[in-house]
Amino acid sequence: MNRSNRRGPWGLLMILAGLIAAPAARADALSVVQMLRAGGCGGVAPIAPPLRHNPTLDRAAEQWADGHSLNSAAELAGYPMKSAQGVRVSGSDEALIQNLRRSDCRMVSSRDVREVGLYRRGAETWLVLAASTASSWSSPAPPDAHGASAASRAPPPASATPAMTAHALQLVNEARARGAQCGAQSFGPAPPLTLSGTLASVALGHATDMAVHDYFEHRDLSGQSPADRVRASGYHEKLVGENIAYGPQSVEEAVKGWLASPGHCQNIMDPRFAEMGLGLAAGRASRRGLFWVQVLAEPRA
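Quick look at the structure, then. The structure presented is a predicted model; accordingly, all values stated were derived computationally and were not measured.

1. Details of the overall build of the chain
The number of helices and strands found in the chain is 12 helices and 10 strands. Counting only contacts in the chain whose residues sit at least 6 apart along the sequence, the fraction spanning at least 24 positions is 72%.

As structure tokens, then:
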């Protein structure tokens, strides 16, 4: 039985209060970059911490798009540094992950890079990456009219950071260690899962696709199932499971919801699964919440 088709009623939960969406193109591109760093480019590079989005580098990216050299663009934008790295990606939002993974993944996932800026024009996206920390060159944003700082009014993350992914793994493994009652089915303790960068990239790809195209299903718009997407990534699977959610604002809320839904819970507790990946993306159009995807797999021996 294809476990990826299991869904409970909770899978349609929509919690919109308090979520603030960034501009669509920027949120999608930044989500892809952050998740590639968290997944180590599908397992081919070291896992890297998330980048800090710097609006000054957005202006540098725009200057670069206007024809200036990369270093000149950074200087014109007011970001003094000795060197910068740039990535120019062509294609639609949904093609970002494939394009970046294929050609520039090691650059965007470099641990030497600390900050990122983005600019979008038509089907082109310009990314400027810098090793400098923001504190070296820019002062904190002023408080708003109510006295709140930029940090305190920031929206929830639009991609799963390494800390979020590690926390999700911890919560899932704690549940597997103690056993669970998933509806009418009882599960005893199960071996712990490990993280897979490849499965994380697959999860991000489906989360981004749902966010971009405004749908909420296991089978994507091209007709591919979770197992199809895992197989297409080059992962040699024996069994695949997928949990999805729309609306949770934290790892705790997402995992708790899955464990409270019999079908999702059965996927989490299935002792055959050995690896997992987590992806999330900020919605657009009519859905502005977070799309969550957990992919679980039993690899072939």
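2. Quick notes on the sheet that holds strand β9 (residues 275-282)
Sheet architecture is open: four strands sit in the order β7-β9-β10-β8, paired in mixed fashion. On the outer flanks of this sheet lie β7 (194-195) and β8 (237-246), each paired with one strand and no other. Here helix α8 (residues 162-178) sits on the sheet in contact with β7, β9 and β10 (290-299), set at roughly 130 degrees to β9.

3. Description of the environment of Gly 263
Relative to the helices and strands, Gly 263 resides in helix α12 (residues 262-269). With a relative accessible area of 10%, Gly 263 lands in the buried category. Residues Gly 263 and Asn 243 lie 20 residues apart in sequence; the distance between their C-alpha atoms is 8.7 Å.

4. Concerning unusual backbone geometry
Positive phi, normally seen in glycine, also occurs at Asp 214, with a value near 60 degrees. Mapped onto the elements of the fold, Asp 214 is located in the loop between α9 (197-213) and α10 (226-232).

5. Remarks on α8
For α8, built from 17 residues, the straight-helix expectation of 24 Å at 1.5 Å per residue is met to within 8% by its first-to-last C-alpha distance of 25 Å. Turning to α8, its buried residues are Met 164, Thr 165, Ala 168, Leu 169, Leu 171, Val 172, Asn 173, Ala 175 and Arg 176. Contact partners of the buried residues in α8: β7, α11 (251-260), α12, β9 and β10. Looking one or two residues beyond α8, the residue adopting positive phi is Gly 179, at roughly 80 degrees.

6. Notes on the pattern of salt bridges
Across all of its chains, the model carries nine salt bridges by this definition. Residue Arg 121 pairs with Asp 66 through a salt bridge whose shortest N-O separation is 2.7 Å. One end of the pair, Arg 121, is in strand β3 (residues 115-121); the other, Asp 66, is in the loop between α3 (55-65) and α4 (70-76), and 55 residues separate them in sequence. The salt bridge partner of Glu 242 is Arg 229, with a shortest N-O separation of 2.9 Å. Of this pair, Glu 242 sits in strand β8 while Arg 229 is found in helix α10, placing the two residues 13 residues apart along the sequence.

What counts and how
- Residues numbered from 1 in each chain as written.
- Predicted model: local features only at pLDDT ≥ 70, side-chain atom pairs only at ≥ 80, totals over all residues.
- Heavy atoms only, no water.
- Helix = DSSP H or I, 4+ residues; strand = E, 2+ residues; numbered from the N terminus.
- Contact = heavy atoms within 4.5 Å.
- Pairing = 2+ DSSP bridges.
- Axes fitted to C-alpha atoms, helices over the stretch in contact; angles between N-to-C directions.
- Buried < 20%, exposed > 50% of the residue type's maximum accessible area, 1.4 Å probe, protein only.
- Expected span 1.5 Å × (residues − 1).
- Salt bridge = Lys/Arg side-chain N within 4 Å of Asp/Glu carboxyl O.

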